[in-house]
Amino acid sequence: MAFTLPALPYSFDALEPHIDKLTMQIHHDKHHQAYVDNLNKAIDGTPNENKSLEELLASAGKVGAAVRNNGGGHWNHSFFWEILSPGGEKPEGKLATAIDESFGSFDEMKDKFNAAGAGRFGSGWAWLGVLDGKLAICSTPNQDNPLMDVAECKCKPILGCDVWEHAYYLKYQNRRAEYLKAFWNVVNWKKVAQHFEKANMKLAEA
Ligand code: MN3
């Protein structure tokens, strides 16, 4: 069964002025579509074509560069659209407590996340995730993510930010740090809290 591009859960201009309409249009309709198309091409007629995306990522080191890069691209962007929303809420409840316990404060967590995103040389992602019953921050290169067997960090991601230039260049040009600062205005904390709940449950069951 071929993978398909998920619809954006809001309009292209919904994240203005923090993430601009044209960037969202190109990012979703062109970049993400290309990852989906190239992933389908890479698995077509191979033993990988009946595997779930999660199964492909878990064996990213063995499935070849095309599946690793485009499978990662498909998963990362599907996750990214969902953790964004117009708004400007803040984390609440258990998630807010976990952030304070793991990093000292919400502001310290944001600083550490922004440093991970700004410090990623070239293209990649910054992540906030659950690791060993705590929250942790890390970054991955290219379209790698923490679910991959080859990942440098193996957390269960609850929040991620795309720091490829295509995610911000039209509005922010070379100013990645400014984009990372603006990103916090459009985080969907309800969705992040759902990921957090799920990650916690898995840890408790393990
Ligand atoms: Mn991208």
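Residues numbered from 1 in each chain as written. Predicted model: local features only at pLDDT ≥ 70, side-chain atom pairs only at ≥ 80, totals over all residues. Heavy atoms only, no water.

What follows is about the state of the cysteines. This structure, assessed with the given rule, holds 1 disulfide. One disulfide in the model links Cys138 with Cys153; its S-S distance is 2.2 Å. The sign of the S-S torsion, about 60°, decides the handedness of the disulfide formed by Cys138 and Cys153: right-handed. Here Cys153 lies in the loop between strand E2 (134-141) and strand E3 (156-162) and Cys138 lies in strand E2, a separation of 15 residues in the sequence. Judged by its relative accessible area of 12%, Cys153 is buried. Free cysteine: Cys155, not disulfide-bonded; nearest cysteine sulfur from Cys138 at 4.2 Å. (Disulfide = S-S within 2.5 Å. Helix = DSSP H or I, 4+ residues; strand = E, 2+ residues; numbered from the N terminus. Buried < 20%, exposed > 50% of the residue type's maximum accessible area, 1.4 Å probe, protein only.)

All of the buried residues in helix H7 (residues 176-183) are Arg176, Tyr179, Leu180, Ala182 and Phe183. For H7, the buried positions fall inside an angular range of 165° around the axis, keeping them on one side. In H7, the exposed residues that point more than 90 degrees away from the buried face are Ala177 and Lys181. In this structure, the buried residues of H7 make contact with helix H3 (65-82), helix H5 (106-119), E3 and helix H6 (169-172). (Arc of directions from axis to C-beta. Contact = heavy atoms within 4.5 Å.)

This next bit is on the layout of surface pockets. Reported here for the largest pocket is a volume of approximately 270 Å³. Taken together, 12 residues make up the lining of the largest pocket; nearest its centre are Trp75, Phe79, Lys156, His195 and Lys198. Listing elements by their share of the lining of the largest pocket, those giving two or more residues are H3, E3 and helix H8 (189-205). Its residues assigned to classes, the lining of the largest pocket comprises 4 nonpolar, 2 polar and 6 charged. (1 Å grid on protein atoms, 1.4 Å probe; cavity = no way out; pocket = protein on both sides within 12 Å on 5 of 7 lines; lining within 4 Å. Points joined across faces, edges and corners; volume = space filled by probe spheres on them. Nonpolar A, V, L, I, M, F, W, Y, C, P; charged D, E, K, R; others polar.)

Glu16 connects to Pro17 through a cis peptide bond whose omega is 0°. Phi is positive for Gln173, which is not a glycine, with a value near 50°. By secondary structure assignment, the location of Gln173 is in the loop between H6 and H7.

Another aspect to go through is H3. If you check H3, its first and last C-alpha atoms are 26 Å apart, about what 18 residues at 1.5 Å a residue would give, namely 26 Å. Within the span of H3, buried status applies to Val67, Asn70, Gly71, Gly72, Gly73, His74, Trp75, Asn76, His77, Phe79, Phe80 and Trp81. (Expected span 1.5 Å × (residues − 1).)

Moving on to the sheet that holds E3. Strand order across the open sheet formed by 3 strands is E2-E1-E3, with antiparallel pairing between neighbours. The open sheet has two edge strands with one neighbour each: E2 and E3. Pairs of neighbouring strands in the sheet enclose a mean axial angle of 20°, with direction left out of account. Inspection of the sheet shows strand E1 (residues 124-131) paired to E2 by 8 bridges, in the antiparallel sense. When the sheet's bridge partners are listed, Leu131 is paired in E2 with Lys134. The sheet contacts of H3 involve E1 and E3, and relative to E3 the element is tilted by about 90°. (Pairing = 2+ DSSP bridges. Axes fitted to C-alpha atoms, helices over the stretch in contact; angles between N-to-C directions.)

Let us look at the coordination of the manganese ion. Surrounding the manganese ion are the protein donor atoms His27 (NE2), His77 (NE2), Asp162 (OD) and His166 (NE2), which sit 1.9 to 2.1 Å from the metal. Sequence spacing of the donor residues for the manganese ion, all on one chain, is H-x49-H-x84-D-x3-H. One end of the pair, His77, is in helix H3; the other, His166, is in the loop between E3 and H6, with 89 residues separating them in the sequence. When sorted by exposure, His77 lands in the same class as His166, which is buried. (Donors = N, O, S within 2.8 Å, 3.2 Å for Na, K, Ca; no water.)

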